[in-house]
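Descriptive structure summary
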Amino acid sequence: MMITYTEARDRLRRHGQEHIVRFWDQLNDTERATLLTDIEQVDFELLTGLINELVLTEPAPEYFDCIEPVDVIPPPEPGRPDADEALEAGEAALRAGRVGAMVVAGGQGTRLGCSGPKGAYPIGPITGKSLFEYHAGKILNIQDRYGCVAPWYIMVSEANHAETRQFFEEHDYFGLEPDQTVFFQQAMVPCVDEAGFMLLDQRHRLARNPNGHGGAIPAMVESGICGHAKERGIDILSYFQVDNWALNVIDPHFVGYHLLHGAEMSSKAHRKRKVRENVGIHCMCDGEYRVIEYSELDRFPQLLETDAGGNPLHFAGNPAIHVLSVDFIEKVYRNYREFPWHKAHKKIAYVNEAGERVLPQSPNGYKFETFVFDALRFIRHDPVVVEIHRKNEYTPIKELAGSNSVEEARRLRTQWWAEWLEAAGYAVPRDKDGRVLYPIEISPRFAMTKDEFLRKANSFSWPMDGPLAIGPEGEVETVRAVQSV
Ligand code: UTP
C-alpha cells in the first residue's frame, strides 16, 4: 500500500526536504497519488549521503602515486595461438548456451536530441533500420552460427520503458523470440539544487534522472534478471551500450579470453588517436584497476604523456564493451554501498516558489549517477583487456554531426562495408579523394564479419551504381531514406 501524506511529510522532514509538498493543497487526487509514489521510491538514506558527501562538501580529489597502463591483448588474429584458443573457448560456451547479451538503453540521449528511445534511432542511411534492429540482427546471426538461444537483457528507464517495449512489439521483436528479449528498469534518483534541496519537475513530480549505466548492477539483481539468466544456464553476459552501432554484440574471442582467464569482468579497449580524446582510459592506479574519465585528464598529467612518435602512452580507450559473469554482478551488488557515485552539474528544469516551471539557462543543480566501469575495481584478478579494431567495433552515436556522431558513424560503416565489397571483387564508386560515393548497408544477419561476407558473396550480383543495402538473405533491400555519407 502506498505511503500516506503524513508518512511522506515526516520522511521528508527528517531529511530536511519538506518543501517538496508545499503545493499539496493545490493538487488533485491523481497528482497527490503520483507525488506520494515518487516520494516513496526515494532512498533517503542514500540521497542524504550523496548530498552530504558530494554537494555540501567538495570531495577530496582522488590521488594516485603511480598510474600505469594496463596490459592489453592485441586484436585477435587467426593463427595466433592465444587467439585461436580463445575462439575455441568462446565458441564452446556459445554452443553450450552459456552466453546472453545485455544492453544499457535507459539514457536520455540529450546530446542527440532524440525524443524517443535512442535505440529506436533510424541509423541505417538507406533502410532507416534502427540501432535495436541492427543489434538484434547480430544476435540472430550468432544464434544461427552456434545453434543457441542468447537471451537479450535490455535495461530501460522509467522515461522510455513503455516506448521501447512498444517499438519491439511493432517490429515483431526484429525476428527474435519475444520471450528472449527481457526488459528491466533501472532506478531513478532525485536531482538537487546547488544547496542540496530536492527539486520539483512539476508541482506533483520530483525532478529525477536515471541512476547511470552503473544502475544496471542493482537493477539486474533486484529485477530478477540474474535469476532469469541462471535458471537458463547463462553465466556470462556480453555488455554493450545501445548507441554503439558497429559493435559485435557478442564476440566469441572476447568471451573466450574472459573464460580462459577465469575473469569476473573483462573489457575491450581501442587505441586512442590523441591524448585528449573524449574517452575514458583503462589503467592501474596504485595497483587497482580503474577507468579514468577524460574529464579528469588534467588531474593526472601522466595520462597525457606520449611516446617518441607522439602516440598516447596510455592508449587503452574505453569503448564500454565488457563481458561480465553473472556471479560477479551479484557480488558487486552485495557490496553496492561501496560503489562510487558521481555528480554532474546540469541545467535542471524546476518549479519555482510561484509554482511556475522554469527552464534554467545555466547549470542550477546536480544529477547523481553511477558508471558500470567502476565495477572493475571489484575484480579480484589481473585486468583482461582485449584491443579492438576501432572502425569495426566502435562508432558511438552521441551527436548528429561531428565527432562520435550519426554522420561519422554512417561514413565509417560505409567505408568498412565498401572494403568487403571490394575484397569480393566489386568496383565501389569512389570520388577522386577515395571517398565512397553512395551509402552502403549490409545486414548483420547476412554477414557480421568480412570472412562470412566473402564466403557468401559469390552467389550474388549486386548493382553498384547507387546506394546499396544488402538484406538478411543477400537480397537488395528497398530504399526507404537515403542519407548522404
Ligand atoms: P551516455 O552517457 O552517452 O548517455 O550513455 P545518453 O543518455 O546516451 O546521452 P546523453 O549523455 O544524454 O546525451 C551511454 C550509454 O549508457 C546508457 C545509454 O542509454 C547509452 O547506451 N545509459 C546511460 C543508461 O542506460 N542509463 C543511464 O542512466 C545513463
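Bear in mind the structure is a predicted one, so any value in this text is a computation, not a measurement.

**What about the overall build of the protein chain?**
Looking only at helices and strands, the protein chain features 13 helices and 22 strands. The C-alpha radius of gyration of the protein chain comes to 24 Å, within 12% of the 23 Å expected for a compact globule of 485 residues. With respect to the three principal axes, the spread of C-alpha positions in the protein chain is 75 × 50 × 50 Å. Of the contacts formed within the protein chain by residues at least 6 apart in sequence, a portion of 74% connects residues at least 24 apart. When the accessible surface of the protein chain is totalled, it reaches about 21600 Å², and 48% of it is carbon and sulfur. Computed over 52 positive and 72 negative side-chain charges, the inter-centroid distance for the protein chain is 3 Å.

**A word on helix 6 (residues 161–170)**
Those residues of helix 6 that sit buried are H161, T164, F167 and F168. The arc that holds every buried residue of helix 6, seen down its axis, measures 130°, which confines them to one face. In helix 6, the exposed positions that point more than 90 degrees away from the buried face belong to A162 and E170. Each element contacted by the buried residues of helix 6 is listed here: helix 5 (131–146), strand 3 (152–156) and strand 4 (181–185). The positive-phi residue at the C-terminal boundary of helix 6 is D172, with phi of around 45°.

**A short note on the sheet that holds strand 6 (residues 192–193)**
If you trace the three strands from one edge of the open sheet to the other, you get 6-19-16, paired in antiparallel fashion. Each end of this open sheet is capped by a strand with a single partner; those strands are strand 6 and strand 16 (342–346). Where strand 16 meets strand 19 (residues 365–369), five bridges bridge the pair, whose relative direction is antiparallel. Bridge pairing in strand 19 places H342 opposite E369. Strand contacts of helix 3 (residues 44–55): strand 6, strand 16 and strand 19, with the helix running at about 115° to strand 19, the strand carrying the most contacts.

**Details of empty space enclosed by the protein**
For the structure on display, the rule yields three cavities of 30 Å³ or more. Lining the largest cavity we find 14 residues, and of these K138, A246, R413, W417 and M448 sit closest to its centre. Mapped onto the lining of the largest cavity, the elements with two or more residues apiece are helix 5 and helix 12 (406–423). The biggest single contributor to the lining of the largest cavity is helix 12, with four residues. When its volume is computed, the second largest cavity comes out at roughly 50 Å³. Lining of the second largest cavity is provided by S238, L247, N248, V249, I250, D251, F254, K268, I321 and E393. Class assignment of the residues belonging to the lining of the second largest cavity gives a composition of five nonpolar, two polar and three charged.

**Focus on the layout of surface pockets**
A volume near 890 Å³ is recorded for the second largest pocket. The element best represented in the lining of the second largest pocket is helix 13 (residues 450–457), accounting for four residues. Residues belonging to the lining of the second largest pocket are distributed by class as follows: 13 nonpolar, five polar and 13 charged.

**As for the site of the ligand**
Taken together, 18 residues lie near the ligand, and Q108, T110, R111, K118 and K398 sit nearest. T110 places a polar side-chain atom, nitrogen or oxygen, 2.5 Å from an oxygen atom of the ligand. G212 has a polar backbone atom sitting 2.9 Å from an oxygen atom of the ligand. Across the complex, the protein chains shield 87% of the 570 Å² of accessible surface that the ligand would expose by itself. In terms of residue class, the shell around the ligand is made up of five nonpolar, nine polar and four charged.

**Description of the nonpolar core**
Among soluble globular proteins, nonpolar side chains are generally buried collectively. Core analysis: the biggest nonpolar cluster contains 44 residues, and F132, W152, I154, F168 and I250 have the highest contact counts within it. When residues of this core are traced back to their parent elements, those giving at least two are helix 4 (81–95), strand 2 (99–104), helix 5, strand 3, helix 6, strand 10 (236–241) and helix 9 (252–260). Ranked by the residues each element gives to this core, the list is headed by helix 5, at six residues. By size, the runner-up hydrophobic cluster in this structure holds 38 residues, among which are V104, A229, Y289 and A375.

**Observations concerning the environment of P59**
On the secondary structure map, P59 appears in the loop between helix 3 and strand 1 (67–69). A C-alpha to C-alpha distance of 36 Å links P59 and I236, two positions 177 residues apart in sequence. When residues no more than four places from it in sequence are discounted, the contact partners of P59 are E53 and L54.

**Description of the pairing of strand 4**
A large share of strand 4 lies buried, amounting to four of its five residues. Bridge analysis of strand 3 against strand 4 gives five bridges, and the strand direction is parallel. Looking at strand 4, one finds that V156 is bridged to Q185. Read from strand 3 through helix 6 to strand 4, the crossover connection turns out right-handed.

**Let's talk about the pattern of salt bridges**
Charged atoms that come close allow side chains of opposite charge to pair. By the definition in use, this model includes 35 salt bridges. As a salt-bridge pair, D10 and R13 come within 3.9 Å of each other at their nearest N and O atoms. One end of the pair, D10, and the other, R13, are both in helix 1 (residues 5–14), three residues apart, so they sit about a helical turn from each other. We classify R13 as partly exposed; its relative accessible area is 44%. Between K456 and E452 there is a salt bridge, with its nearest N and O atoms 3.7 Å apart. Of this pair, K456 and E452 both sit in helix 13, four residues apart, which is roughly one turn of the helix. You can call K456 partly exposed: its relative accessible area is 29%. Accessibility expressed as a relative area gives 8% for E452, which makes it buried. Via salt bridges that share partners, D38, E158, R205 and R208 belong to a single interconnected network.

Calculation notes
- Residues numbered from 1 in each chain as written.
- Predicted model: local features only at pLDDT ≥ 70, side-chain atom pairs only at ≥ 80, totals over all residues.
- Heavy atoms only, no water.
- Helix = DSSP H or I, 4+ residues; strand = E, 2+ residues; numbered from the N terminus.
- Rg over C-alpha atoms; globule rule 2.2 N^0.38 Å.
- Contact = heavy atoms within 4.5 Å.
- Areas by Shrake-Rupley, 256 points an atom, 1.4 Å probe, with all protein chains shown as cover.
- Lys, Arg positive; Asp, Glu negative; His and termini not counted.
- Charge placed at Lys NZ, Arg CZ, Asp CG, Glu CD.
- Buried < 20%, exposed > 50% of the residue type's maximum accessible area, 1.4 Å probe, protein only.
- Arc of directions from axis to C-beta.
- Pairing = 2+ DSSP bridges.
- Axes fitted to C-alpha atoms, helices over the stretch in contact; angles between N-to-C directions.
- 1 Å grid on protein atoms, 1.4 Å probe; cavity = no way out; pocket = protein on both sides within 12 Å on 5 of 7 lines; lining within 4 Å.
- Points joined across faces, edges and corners; volume = space filled by probe spheres on them.
- Nonpolar A, V, L, I, M, F, W, Y, C, P; charged D, E, K, R; others polar.
- Near = heavy atom within 4 Å.
- Polar contact = N/O pair within 3.5 Å; in protein donor to acceptor, adjacent residues only side chain to side chain.
- Core = buried A, V, L, I, M, F, W, Y, C linked by side-chain atoms within 4.5 Å.
- Right-handed = clockwise from strand over helix to strand, strands pointing away.
- Salt bridge = Lys/Arg side-chain N within 4 Å of Asp/Glu carboxyl O.

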